[in-house]
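Residues per chain, in single letters:
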Amino acid sequence: MPTETNPPERPCEFCDIVSGRLHAEILHEDESTVAFLDNTAVMEGHTLVIPRRHATDIWEITEDDAAAVMRTVHRMAGVLRDVFAPDGMTLFQANRPAGWQDVFHLHVHLVPRREADHLHRPWQATRADAAALAATRRLILDPHPRRPLP
């Protein structure tokens, strides 16, 4: 049943790219991943890296597929650096609607950046309260967590 954490079923456009049913400007393919230019690019060279095997989000992807995605992200970051000589690189990976995910197949954005480009941080970092951090740490490391760690 569709909920905020479980979006409604719809055809997966990234699975269609993996299968060749949908065109994409593919930059790299291997046995586990595909990298292609984002068709809604916010900067020149904006690239997406996805696992070939469908995984909706970070909680669904296998550890091996997640590692393969990150290997390809690392390789593509080097390629984008060599081609565009950016001043920086923003990596972005979102999960579920509340986390700003809009295509429900795990993907990592690689966005080459320039000083003073048109992109802005979505939040301003401020120092967290030390006691609150300690309480959160205790909650996370509690020997009886609400959900068991894998």
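Above this text is the structure in question.
Quick look at the structure, then. (Residues numbered from 1 in each chain as written. Predicted model: local features only at pLDDT ≥ 70, side-chain atom pairs only at ≥ 80, totals over all residues. Heavy atoms only, no water.)

1. Section: the overall build of the protein
Part 1: Helix and strand counts for the protein come out as three helices and five strands.
Part 2: Starting at the N terminus and ending at the C terminus, the protein contains elements arranged as α-β-β-β-α-β-β-α.
Part 3: Among the 150 residues that make up the protein, the fraction classed as buried is 31%.
Part 4: The long-range share in the protein, meaning contacts at least 24 apart out of those at least 6 apart in sequence, stands at 55%.
Part 5: Taken as a whole, the protein presents about 10700 Å² of accessible surface, with 56% of it coming from carbon and sulfur. (Helix = DSSP H or I, 4+ residues; strand = E, 2+ residues; numbered from the N terminus. Buried < 20%, exposed > 50% of the residue type's maximum accessible area, 1.4 Å probe, protein only. Contact = heavy atoms within 4.5 Å. Areas by Shrake-Rupley, 256 points an atom, 1.4 Å probe, with all protein chains shown as cover.)

2. Quick word on the environment of arginine 113
Part 1: Mapped onto the elements of the fold, arginine 113 is located in strand S5 (residues 108-113).
Part 2: Each residue touching arginine 113, except ones within four places of it in the same chain, is listed here: Pro86, Asp87, Gly88, Met89, Thr90 and Leu119.

3. Considering the environment of threonine 72
Part 1: By the secondary structure assignment, threonine 72 is in helix H2 (residues 63-84).
Part 2: In this structure, the C-alpha to C-alpha distance between threonine 72 and aspartate 30, residues 42 residues apart in sequence, is 8.8 Å.
Part 3: Not counting the four nearest positions on each side in its chain, threonine 72 is found in contact with His28, Asp30, Thr33, Ala35 and Val49.
Part 4: A distance of 3.4 Å separates the side chain of threonine 72 from the side chain of aspartate 30, its partner in a polar contact.
Part 5: At 2.7 Å, the side chain of threonine 72 and the side chain of threonine 33 are in polar contact. (Polar contact = N/O pair within 3.5 Å; in protein donor to acceptor, adjacent residues only side chain to side chain.)

4. Concerning the pairing of strand S2 (residues 33-37)
Part 1: Summarising burial for S2: four of the five residues are buried, a large majority.
Part 2: Sheet analysis places strand S1 (residues 26-29) next to S2, joined by three bridges and oriented antiparallel. Bridge pairing in S2 places glutamate 29 opposite valine 34.
Part 3: Count of turn residues in the S1/S2 antiparallel hairpin: three residues.
Part 4: One ladder, built from five bridges, connects S2 with strand S3 (residues 47-51); its direction is antiparallel. (Pairing = 2+ DSSP bridges.)

5. Concerning the sheet that holds S3
Part 1: Spatial strand order, S1-S2-S3-S5-S4: five strands in an open sheet with antiparallel pairing. Two strands bound the open sheet, and with one partner strand each, they are S1 and strand S4 (88-92). Strand after strand, the sheet turns through a mean of 20° between neighbouring axes, direction not considered.
Part 2: As paired elements, S3 and S5 share three bridges and run antiparallel to each other. Bridge pairing in S5 places leucine 48 opposite histidine 109. (Axes fitted to C-alpha atoms, helices over the stretch in contact; angles between N-to-C directions.)

6. Focus on unusual backbone geometry
Part 1: Phi is positive for alanine 85, close to 45°, though the residue is something other than glycine.
Part 2: Structurally, alanine 85 can be placed in the loop between H2 and S4.
Part 3: At tryptophan 100, a residue that is not glycine, the phi angle is positive and equals roughly 80°.
Part 4: Structurally, tryptophan 100 is set in the loop between S4 and S5.

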